[in-house]
Amino acid sequence: MTTLPDLLYVALFAVALPLVDYGVFWPAFRRRSQADPARARTWLWSWMILGAWPVVAVGAALWEANDRSWASFGFSVPDGWRLWTSITLFLLLAAYHAYAVATLARSSEARASVRQQFATFAAVLPHTRTETYWFGGVSLTAGFCEEFLYRGYFVWVFSPWLGWWGAAALSLPFFAIGHLYQGWNGVLRTGIAGAFFTLVVAIFDSLWPAIALHALNDLGAGIMAWL
C-alpha cells in the first residue's frame, strides 16, 4: 500500500532533485567547463555517481521498512522464454554496439557523422580513454538507479490509482525532463528510450533486463563518443 513517505520520496527524486540539478549543478558545470572542460566532466560524473546511489539507498530503506517483497517491486529474475529472450535481446544490442564501434574505429567519415549527432551534448560525453572508464561508472549508475526509481518505485507508487500502464506512462515525462541538459531533442530521445525500457519491463515482468539494456546502451554511446 502506498504511504505518504512513498509519495514524498517520489516527489524528491522526480521533481525536487531534477530542479536542483538543472538550477544549480548544470550552471556550475557550464562555468567549470569554460575554465577546464576535462576536469568539469570528471566533477560532473563524480556527482552523478555519488549522488544517485544514496537516493536509491533511501528508497531501498523505505521499502524494507515497510517489509515489502522485492519481487513485487520488479526484482525477480525472468524464467522460461522471458529469460532466453532477454538474454538474446542483450546480445543483439551488444552486437550492434560492437559493430558500430568497429565501424567508427576504421572510418573517418563515420566518426564525422556521429560527431555531428553528438554535438549538442558532447560536453558531457567522454573524450579520452580515461574518461570512458569514468563514463562506464556513470552508465552502470544510470542503468540501475534510473530503472529503480522510474520504472520501479514511481510505477509502484501510482499503480493503485492509475494501473500499471497509467503509472508507467506518467513516469515517462518526469524521466525525460530530468535530461533537459541535453536540450529538447535530448528530452525527446530520452522519452523514447524510456518508453522502450518500459516495454521491456512489461514484457519480461522484471527490472533486470531493462537495467542491463539501459547500462549497455549508455556505455555503448560513451565508447562511440570517445572514438
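Residues numbered from 1 in each chain as written. Predicted model: local features only at pLDDT ≥ 70, side-chain atom pairs only at ≥ 80, totals over all residues. Heavy atoms only, no water.

## A few points about unusual backbone geometry
Link 1 in the chain: With a phi angle near 55°, aspartate 67 is a residue other than glycine that sits in the positive phi range.
Link 2 in the chain: Structurally, aspartate 67 can be placed in the loop between helix H2 (37-65) and helix H3 (70-73).
Link 3 in the chain: Of the residues examined, aspartate 67 reaches a relative accessible area of 71% and is grouped as exposed. (Helix = DSSP H or I, 4+ residues; strand = E, 2+ residues; numbered from the N terminus. Buried < 20%, exposed > 50% of the residue type's maximum accessible area, 1.4 Å probe, protein only.)

## Comments concerning a positive patch on the surface
Link 1 in the chain: Together, Arg30, Arg31, Arg32 and Arg39 line one region of the surface with positive charge.
Link 2 in the chain: Top contributing element to the positive patch by residue count: helix H1 (residues 4-35), with 3 residues.
Link 3 in the chain: Residue placement: arginine 30 occurs in helix H1.
Link 4 in the chain: Residue classification places arginine 30 among the partly exposed positions, given a relative accessible area of 48%. (Patch = residues over 30% accessible without salt bridge, like charges linked within 9 Å, V, L, I, M, F, W, Y side chains within 5 Å. Areas by Shrake-Rupley, 256 points an atom, 1.4 Å probe, with all protein chains shown as cover. Salt bridge = Lys/Arg side-chain N within 4 Å of Asp/Glu carboxyl O. Lys, Arg positive; Asp, Glu negative; His and termini not counted. Charge placed at Lys NZ, Arg CZ, Asp CG, Glu CD.)

## Overview of the packing of aromatic side chains
Link 1 in the chain: Taken as a whole and assessed by the stated rule, the structure comprises 32 aromatic pairs.
Link 2 in the chain: Each ring, one from tyrosine 9 and one from tyrosine 153, has its centre 4.8 Å from the other, and the planes form 70°; the classification is edge-to-face. In this pair, tyrosine 9 is assigned in helix H1 and tyrosine 153 in helix H6 (residues 129-177), connecting sequence segments 144 residues apart. There is no split in this pair, since tyrosine 9 and tyrosine 153 are both buried.
Link 3 in the chain: Ring centres of phenylalanine 25 and tryptophan 43 lie 6.1 Å apart, and the angle between their planes is 35°; on these two criteria the pair is classed as tilted. Of this pair, phenylalanine 25 sits in helix H1 while tryptophan 43 sits in helix H2; the two residues are 18 residues apart in sequence, bridging distant segments of the chain.
Link 4 in the chain: Lying across the ring of tryptophan 63, arginine 68 places its NZ or CZ 5.0 Å from the centre.
Link 5 in the chain: The ring of phenylalanine 175 has arginine 151 sitting right over it, with the charged end atom 4.2 Å from the ring centre. (Phe/Tyr/Trp six-rings, centres within 6.5 Å; stacked < 30°, edge-to-face > 60°. Lys NZ or Arg CZ within 6 Å of the ring centre and 35° of its normal.)

## Observations regarding the nonpolar core
One recurring pattern in soluble globular proteins is that nonpolar side chains are buried together.
Link 1 in the chain: Of all hydrophobic cores here, the largest spans 35 residues; its most connected members are Tyr9, Val10, Phe13, Phe148, Leu149 and Tyr153.
Link 2 in the chain: Only H1, H2, H6, helix H7 (183-204) and helix H8 (208-226) provide two or more residues apiece to this core.
Link 3 in the chain: A per-element tally of this core places H6 first, with 14 residues.
Link 4 in the chain: One finds Ala28, Trp45, Val114 and Val138 within the second-largest nonpolar core, a separate group that totals 19 residues. (Core = buried A, V, L, I, M, F, W, Y, C linked by side-chain atoms within 4.5 Å.)

## Topic: the packing of H6 against H7
Link 1 in the chain: One can describe the packing of H6 onto H7 by two numbers: an axis separation of 8 Å at closest approach and a directional angle of 140°. For the element pair H6 / H7, the angle class is oblique. In this structure, the crossing between H6 and H7 has a hand that is right-handed. Between H6 and H7, the contacting residues are Glu147, Arg151, Trp164, Trp165, Ala168, Leu172, Phe175, Ala176 and Ile177 on the first element and Trp184, Val187, Thr190, Gly191, Gly194, Ala195, Phe197, Thr198, Leu199, Val201 and Ala202 on the second. (Axes fitted to C-alpha atoms, helices over the stretch in contact; angles between N-to-C directions. Parallel < 35°, antiparallel > 145°, perpendicular 65-115°, else oblique. Left-handed = near helix turned anticlockwise from the far one by under 90°. Contact = heavy atoms within 4.5 Å.)

## A word on the pattern of salt bridges
Link 1 in the chain: All chains considered together, the criterion is met by 3 salt bridges.
Link 2 in the chain: Across the pair arginine 41 and glutamate 131 runs a salt bridge, and its minimum N-O distance is 3.0 Å. Within this pair, whereas arginine 41 is found in helix H2, its partner glutamate 131 is found in helix H6, the two being separated by 90 residues in sequence.
Link 3 in the chain: Residue arginine 41 is classed as buried on the basis of its relative accessible area, which comes to 7%.
Link 4 in the chain: A relative accessible area of 6% means that glutamate 131 is categorised as buried.
Link 5 in the chain: Close ionic contact of arginine 151 with glutamate 147 constitutes a salt bridge, the shortest N to O distance being 2.7 Å. With arginine 151 and glutamate 147 both in helix H6, this residue pair falls 4 residues apart, about one helical turn.

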